[in-house]
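Below are the chains, spelled out letter by letter.
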Amino acid sequence: SSKPYPNSKIVRTICTHCAVGCGIYAEVQNGVWVRQEIAQDHPISRGGHCCKGAGAIDMVTSPKRLKYPLKKVNGKWQKISWEQALDEVSKKLLDIRKKDGPDAVMWIGSAKVSNEMAYLQRKLAAFWGTNNIDHQARICHSTTVAGVANTWGYGAMTNSINDIRHSKCVFFIGSNAAEAHPIAMQHILYAKEVNNAPIIVVDPRFTKTAAKATDYVRIRSGTDTAFVMGLINAIIQNDWYDKEFVRTRVAGFEELKEVAKHYTPEEVERITGVPAKEVVRIAKLLADNRPGTVIWCMGGTQHSIGSSNTRAYCILQLVLGNMGKSGGGTNILRGHDNVQGATDMCILSHSLPAYYGLSDGAWKHWCRVWDVDYEWIKSRFKNKKYMNKKGFTLGRWYEGVIQEDKITQYTPLKAVVFWGCSSNSQSQYHKLKKALDLLDLVVIIDPFPTMTAVASDKDNVYLLPSSSQYETEGSITNSQRGIQWRYKVVDPVHECKDDYMIMQELVKRFGFYDKFFKNIKKIPEDITREINKGSLTIGYNGQTPERIKKHTDYWHTFDVNTLQAKGGPCDGEYYGLPWPCWTTEHPGTPILYDISKPVAKGGLPFRARFGTKYKYPNGKMENLLAADGVANPGSEVNGGYPEFKGIVPGTNWKTDLSQKTIKEAIKRGMAPFGNARARCYVWNFPDPIPVHREPLHSPDPEMIKKYPTYDDKPDHYRVYTKYKSEQKLDWVKRYPLILTT
Ligand code: SF4
């Protein structure tokens, strides 16, 4: 990269605005980040950059950054010193712990911090003596994990973003990648242009991704499961399924057939609004173009029936025999840059790192890794039993406390620490606001003032300014399970403190510093090594700091064309040693699930089996595809909000900070985007298509009875937006999807 600033240095770092994980060259002059440039040689972005990434520098230079610690006194924010902030916060937390027990505190971690920091956040809750811990992933892809893990094991994207280039067909359902993951879309468009792959977009809204599709299917909001089951049925009934794959690897196929046969094309038309003929045509398209990939995002997951959706998407790939193959798989695009890593580190109330769960065996394993006495950890809990019990999720806490807008239940919590997670993506925010008022203490640790900070009306809030992702370093795991090193670009600005340092200061004051950092001398590398040592379940073992750094340092050494010419799974190194990566010699696993061997010889079997408890058409739709013995775990933990049914448009919040950057980017012909989360800059792109309400079908009382999860309001049977081709064309023309600068 060229360096127009004299005496400047270039730092390779990773974009923090979504889980694609694009490379950025940051130019630093005299300790100041002065310029950024796209990384031409990065193996994923390969010179591509979207307008979100173009504003990465704003994370550091933004005038909206929190500059020093603040405390609310008589309704006004008062500047305090770090010393005072840390002393007061830790004293208050310790007092609460002493009086009400460790479970009176909840720790909210973050999908925006490094793996190392996420790991420390989970470890902190364990050392504090509680399982009350949660983070953003709860509301985005917990339903994905439920659907995917219950079908074939790991709750993660099966292939790699680059590998989508090998797809013969791309089936989008609940993803608007052209806006939310523009650089991933670049690889997808390659499949369209080079392989002639049909791009099928299923969405109630005509999105920018739909504008790039060969086939657009508009379904009624919330009817994904029925539509996909209709496809599965058509594939089975017409004998288009992969018989060999199903015979040798798929358990429960007969039960699947039984369930699917109720979803005749006509029935699917009645439910989804998609003409019966179209259902069969799309099924044929999928069957004729294999291997194909299924891509989804939060449009598929954020439903009260989210895990049914994700389970159906997986089963579709099973009948097509698209698993374990280059160009196939279920490719789930994550939101935050490190949502996969933070989930793997299990900032979650139901598991210790690497999905070990909360059994005694799991605790003993991690105590060995931490080099602490199991009895000591046990003594940290108020009651030994609580060690093995799930703690609160954020939603479970405030929904339990506030019902029908009234405080109905005594809150067992006295303090919540939000560390890199605002709560503005939570549904029923007004309830959270009320619940916050009941607390004695709210601590926000974040580079920016968050909505949560101003939600509480009481003088119970502390705001501690932390480093942005570019003022600290560590590894991050992108959507494709690939791990990259995000180098520090500059030192923390203003009085902001590095997250690791805040952690050190807090645990010192909590009195267990020596135990907590026993084998961690060099930060963050020794933390990575602790993760390598302990995470035997999912293969985080071979990604040592040295190997991850090497991957990042030598982007330019990867010969993309050679790798691509191989036409199949590429060198794992190229993808960032995607887990599982079992040893320091292991190349990582760009494509999950080995189907090279038969099941009897260690190849993987998959499950298309249904729980016996719930059978069509009894019971609720959300139970229909419940995994064995587990009734909709993802939706359950998500809160199962009864009114939260539709496909959720991506964009909710905006910061005017980013508006300038993004408007500028649009002027330069870059893609507007619509991903929305705290600490992401967001462009709240106004929908330029006038909203029409045109009834397609009148509400059918029989259908309401039959599918009680459908909203019984007539409006839900209407299509909200009517696509007008002239306007649409104008819209596309005005904002062309150009993915590179
Ligand atoms: Fe950043 Fe855009 Fe790449 Fe996502 S697609 S990592 S937001 S540049």
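From a predicted model like this one, the values you see are computed outputs, not experimental measurements.

A closer look at the overall build of the protein chain
Next up, step 1: When you go through the protein chain residue by residue, the secondary structure sums to 32 helices and 23 strands.
Next up, step 2: Here the protein chain holds 741 residues, and the buried ones make up 64% of them.
Next up, step 3: Per element, the accessible surface of the protein chain, about 26,400 Å² overall, is 53% carbon and sulfur.

A word on the site of the ligand
Next up, step 1: For the ligand, the full set of nearby residues is Cys15, His17, Cys18, Gly21, Cys22, His49, Cys50, Lys52, Gly53, Pro182 and Ile183.
Next up, step 2: Those elements that place two or more of their residues in the shell around the ligand are α1 (51–54) and α8 (182–195).

Observations concerning the pattern of salt bridges
Next up, step 1: Scanning the entire structure with this criterion turns up 30 salt bridges.
Next up, step 2: Across the pair Asp288 and Lys284 runs a salt bridge, and its minimum N-O distance is 2.8 Å. Of this pair, Asp288 and Lys284 both sit in helix α14 (residues 276–288), four residues apart, which is roughly one turn of the helix.
Next up, step 3: Given the relative accessible area of 48%, Asp288 is considered partly exposed.
Next up, step 4: We classify Lys284 as partly exposed; its relative accessible area is 34%.

Brief notes about the side chain of Asp203
Next up, step 1: Inspection of the secondary structure assignment puts Asp203 in the loop between β9 (199–202) and α9 (208–211).
Next up, step 2: The side chain of Asp203 is buried and forms no salt bridge, while Arg205, the nearest opposite charge, is found at 4.4 Å.
Next up, step 3: A polar atom in the side chain of Asp203 sits 2.9 Å from the backbone nitrogen of Arg205.
Next up, step 4: In this structure Asp203 touches Ser175, Tyr216, Val217, Arg218 and Ile219, once residues within four positions along its chain are discounted.

Description of the sheet that holds strand β4 (residues 70–73)
Next up, step 1: Taken together, seven strands build an open sheet; the order of strands is β5-β4-β18-β17-β16-β6-β7 and the sheet is mixed. Edge positions in the sheet fall to β5 (76–79) and β7 (133–134), since each of these pairs with one other strand and no more.
Next up, step 2: Note: strand β17 (residues 441–446) against strand β18 (residues 461–465), five bridges, orientation parallel. Counted as the bridge partner of Ile445 is Leu464 from β18.

Focus on the nonpolar core
Next up, step 1: In this structure, Trp33, Leu93, Trp107, Trp363, Trp370 and Ile377 are the most contacted members of the largest nonpolar core, which totals 114 residues.
Next up, step 2: Looking at this core element by element, the count peaks at nine residues for helix α4 (residues 115–128).
Next up, step 3: Those residues in contact with Ile377, other than ones at most four positions away along the chain, are Ala126, Phe127, Trp363, Cys367, Trp370, Val372 and Met387.
Next up, step 4: Counting residues in hydrophobic clusters, the runner-up holds 50 residues, among them Cys169, Ile173, Val259 and Val294.

Describing the sheet that holds strand β12 (residues 292–296)
Next up, step 1: Strand order in the open sheet formed by five strands is β10-β9-β8-β12-β13, with parallel pairing between adjacent strands. Every interior strand has two partners, whereas the edge strands, β10 (215–217) and β13 (330–332), have only one. Here the average twist between neighbouring strands, direction ignored, is 20°.
Next up, step 2: Pairing of strand β8 (residues 169–173) with β12 involves four bridges; the strand directions are parallel.

As for the UniProt feature "domain: 4Fe-4S Mo/W bis-MGD-type" (unreviewed entry) in the protein chain
Next up, step 1: Within the UniProt annotation, "domain: 4Fe-4S Mo/W bis-MGD-type" (unreviewed entry) is assigned to residues 8–64.
Next up, step 2: The straight-line gap between the two end C-alpha atoms of residues 8–64 is 26 Å; of that span, 14% is helix and 35% is strand.

Remarks on the environment of Gly534
Next up, step 1: Relative to the assigned elements, Gly534 resides in helix α25 (residues 525–534).
Next up, step 2: For the pair formed by Gly534 and Val369, sequence separation is 165 residues and the distance between their alpha carbons is 5.8 Å.
Next up, step 3: Not counting the four nearest positions on each side in its chain, Gly534 is found in contact with Tyr356, His365, Trp366 and Val369.

Regarding the packing of aromatic side chains
Next up, step 1: In total, this model carries 20 aromatic pairs according to the counting rule given.
Next up, step 2: Aromatic pair Trp366 and Trp370: ring centres 6.0 Å apart, planes at 35°, arrangement tilted. Taken together, the residues Trp366 and Trp370, both in helix α18 (residues 360–370) and four residues apart, mark about one turn of the helix. Each member of the pair, Trp366 together with Trp370, is buried.
Next up, step 3: Positioned over the ring face of Tyr68 is Lys79, at 4.5 Å from the centre of the ring.
Next up, step 4: One Lys or Arg, Lys508, reaches over the ring of Tyr513 and ends 5.7 Å from the middle of that ring.

Analysis parameters
Residues numbered from 1 in each chain as written. Predicted model: local features only at pLDDT ≥ 70, side-chain atom pairs only at ≥ 80, totals over all residues. Heavy atoms only, no water. Helix = DSSP H or I, 4+ residues; strand = E, 2+ residues; numbered from the N terminus. Buried < 20%, exposed > 50% of the residue type's maximum accessible area, 1.4 Å probe, protein only. Areas by Shrake-Rupley, 256 points an atom, 1.4 Å probe, with all protein chains shown as cover. Near = heavy atom within 4 Å. Salt bridge = Lys/Arg side-chain N within 4 Å of Asp/Glu carboxyl O. Lys, Arg positive; Asp, Glu negative; His and termini not counted. Polar contact = N/O pair within 3.5 Å; in protein donor to acceptor, adjacent residues only side chain to side chain. Contact = heavy atoms within 4.5 Å. Pairing = 2+ DSSP bridges. Core = buried A, V, L, I, M, F, W, Y, C linked by side-chain atoms within 4.5 Å. Axes fitted to C-alpha atoms, helices over the stretch in contact; angles between N-to-C directions. UniProt positions renumbered as here; feature names shortened; annotations may be inferred. Phe/Tyr/Trp six-rings, centres within 6.5 Å; stacked < 30°, edge-to-face > 60°. Lys NZ or Arg CZ within 6 Å of the ring centre and 35° of its normal.

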